[in-house]
Amino acid sequence: MCVSYEISISDTSSLLDFIDTVSDHLTATGRPGSACAYRSLAASLRRLMSGARPLGQEFVRTYAEALLRSAVCRNTLSFYMRLLRTALNRAYDAGGIDEIPAPWFRGVYTGFDRTRKRAVSVESMRRIASVALPPDSRLALARDIFMFCFYARGMAFVDAIMLTRDNITDRQIEYCRRKTGRRLRIGLHDKLRGIICRYASPESVYVFPVLGGGPSAELYRSYRSALGSYNLRLKRLAAMAGVDEVLTSYTPRHSWATIARDHDVPIKVISEGMGHDSELTTRIYLASIADSEVDRANGCVADLI
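Residues numbered from 1 in each chain as written. Predicted model: local features only at pLDDT ≥ 70, side-chain atom pairs only at ≥ 80, totals over all residues. Heavy atoms only, no water.

### Side note on the overall build of the chain
Turning to step 1, where the next piece is worked out: A count of helices and strands for the chain gives 13 helices and two strands.
Turning to step 2, where the next piece is worked out: Out of the 305 residues in the chain, the part that is buried amounts to 44%.
Turning to step 3, where the next piece is worked out: Expressed as a percentage of contacts within the chain between residues at least 6 apart in sequence, the contacts between residues at least 24 apart total 58%. (Helix = DSSP H or I, 4+ residues; strand = E, 2+ residues; numbered from the N terminus. Buried < 20%, exposed > 50% of the residue type's maximum accessible area, 1.4 Å probe, protein only. Contact = heavy atoms within 4.5 Å.)

Here is the structure:
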């Protein structure tokens, strides 16, 4: 995306005006999720960096320190730093900044910390799949979407609820990942077919009765609302199934990868199945190896001496 900008971007005030312009452009071009991220950045800058502060390395460092004082985690700090860097690069490409902003970010954190374990065990997945639920209830729908995502090689929630009848053939599901645009094909098996048939309706283009129609901005708001409701129902589902782990929309994806790894599926195959561009990305999804397994390995090594 290229937004032309004839006004010089030299301080916080002019940068915020530019970010608002980018956000409006993203909204108008059907990218409400990205627009929401830029609005979040603008709100953070307005809250923590008031006044017409000049742009530069000192500005970036001060903003990073202000974020840390506001008690955000390192991954949240990294999110805002990477987004700010992208915004400043856009401003440079648009002609609003004369100096390349990349060097300004030396010394600030833009990496990824390991997050808490998001995968659940095979036994927990079986409990979730078998818990008795009222037919045609919203809780049953949440469980079906959860299991569908797992059975579909860890399909993301957003991709599952945006699947349409056109994505389904007699033998496979074919869709583009919303996050990366990569086209994936998943062979249909009986468990996937059963869930799809349960919600087949000529009244909706979607496989699951979650989203309504309307412009992309309305569709995005509908998705965000559905995601919040889904995560709340998953907490209730975990309690009913007697599962101690926290269930979220990420759980099926992490669980599929981890269970596949634990059953000796090569990481290269897992990576391809999840639609990742590299095995490094796949490893981020895999739950940390249990301490007990490492201890057993350590014992074996010690016994050799």
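More follows now that the structure is in view.
### Some words on the nonpolar core
Turning to step 1, where the next piece is worked out: The biggest cluster of nonpolar side chains holds 57 residues, and the ones touching the most others in it are Ile-128, Ile-145, Phe-148, Met-155, Ile-173, Phe-208 and Tyr-223.
Turning to step 2, where the next piece is worked out: Per-element accounting of this core gives the leading share, eleven residues, to helix α6 (residues 138–151).
Turning to step 3, where the next piece is worked out: Those residues within four positions of Met-155 in sequence are excluded, and the remaining contacts are Phe-148, Cys-149, Ala-160, Leu-163, Ile-173, Tyr-175, Ile-186 and Arg-253.
Turning to step 4, where the next piece is worked out: One finds Phe-18, Ala-37, Leu-45 and Leu-48 within the second-largest nonpolar core, a separate group that totals 36 residues. (Core = buried A, V, L, I, M, F, W, Y, C linked by side-chain atoms within 4.5 Å.)

### Some details on the packing of helix α3 (residues 57–69) against helix α4 (residues 74–93)
Turning to step 1, where the next piece is worked out: Contact geometry for α3 and α4: axes closest at 10 Å, N-to-C directions at 155°. In this view, α3 runs roughly antiparallel relative to α4, as classed from their interaxial angle. In the crossing of α3 with α4, the sense of the turn from one axis to the other is right-handed. Between α3 and α4, the residues in contact are Phe-59, Val-60, Tyr-63, Ala-64, Leu-67 and Leu-68 and Leu-77, Tyr-80, Met-81 and Leu-84, respectively.
Turning to step 2, where the next piece is worked out: Split by residue class, the contact of α3 with α4 holds ten nonpolar, no polar and no charged. (Axes fitted to C-alpha atoms, helices over the stretch in contact; angles between N-to-C directions. Parallel < 35°, antiparallel > 145°, perpendicular 65-115°, else oblique. Left-handed = near helix turned anticlockwise from the far one by under 90°. Nonpolar A, V, L, I, M, F, W, Y, C, P; charged D, E, K, R; others polar.)

### A short note on the environment of Ser-255
Turning to step 1, where the next piece is worked out: By secondary structure assignment, the location of Ser-255 is in helix α10 (residues 251–262).
Turning to step 2, where the next piece is worked out: Expressed as a C-alpha distance, the spacing of Ser-255 and Met-125, which sit 130 residues apart in the sequence, is 8.6 Å.
Turning to step 3, where the next piece is worked out: A distance of 2.7 Å separates a polar side-chain atom of Ser-255 from the backbone oxygen of Thr-251. (Polar contact = N/O pair within 3.5 Å; in protein donor to acceptor, adjacent residues only side chain to side chain.)

### Quick look at α10
Turning to step 1, where the next piece is worked out: Spanning twelve residues, α10 covers 16 Å between terminal C-alpha atoms, matching the ideal 16 Å at 1.5 Å per step.
Turning to step 2, where the next piece is worked out: Of all the twelve residues making up α10, ten are buried; the element is thus mostly covered by neighbouring parts of the structure.
Turning to step 3, where the next piece is worked out: Looking only at α10, the buried set comprises Thr-251, Pro-252, Arg-253, His-254, Ser-255, Trp-256, Ala-257, Thr-258, Ile-259 and Ala-260.
Turning to step 4, where the next piece is worked out: Remark: Asp-264 follows α10 within two positions and exhibits a positive phi of approximately 65°. (Expected span 1.5 Å × (residues − 1).)

### Topic: the side chain of Ser-137
Turning to step 1, where the next piece is worked out: Tracing the backbone through its elements, the reader meets Ser-137 in the loop between α5 (122–130) and α6.
Turning to step 2, where the next piece is worked out: Owing to a relative accessible area of 18%, Ser-137 belongs among the buried residues under this scheme.
Turning to step 3, where the next piece is worked out: At 2.7 Å, the side chain of Ser-137 forms a polar contact with the backbone oxygen of Pro-134.

### Here's the deal with the pairing of strand β1 (residues 172–176)
Turning to step 1, where the next piece is worked out: Burial along β1 is one-sided: the residues Ile-173 and Tyr-175 are buried and none of Gln-172, Glu-174 and Cys-176 is.
Turning to step 2, where the next piece is worked out: Examined bridge by bridge, β1 and strand β2 (residues 183–187) share five bridges and lie antiparallel to one another. Counterpart to Ile-173 in the pairing with β2 is Ile-186.
Turning to step 3, where the next piece is worked out: Between β1 and β2, which follow one another and run antiparallel, lie six residues, and Gly-181 among them has a positive phi close to 80°. (Pairing = 2+ DSSP bridges.)

From the geometry alone we can't say anything about function, so treat these as descriptive.
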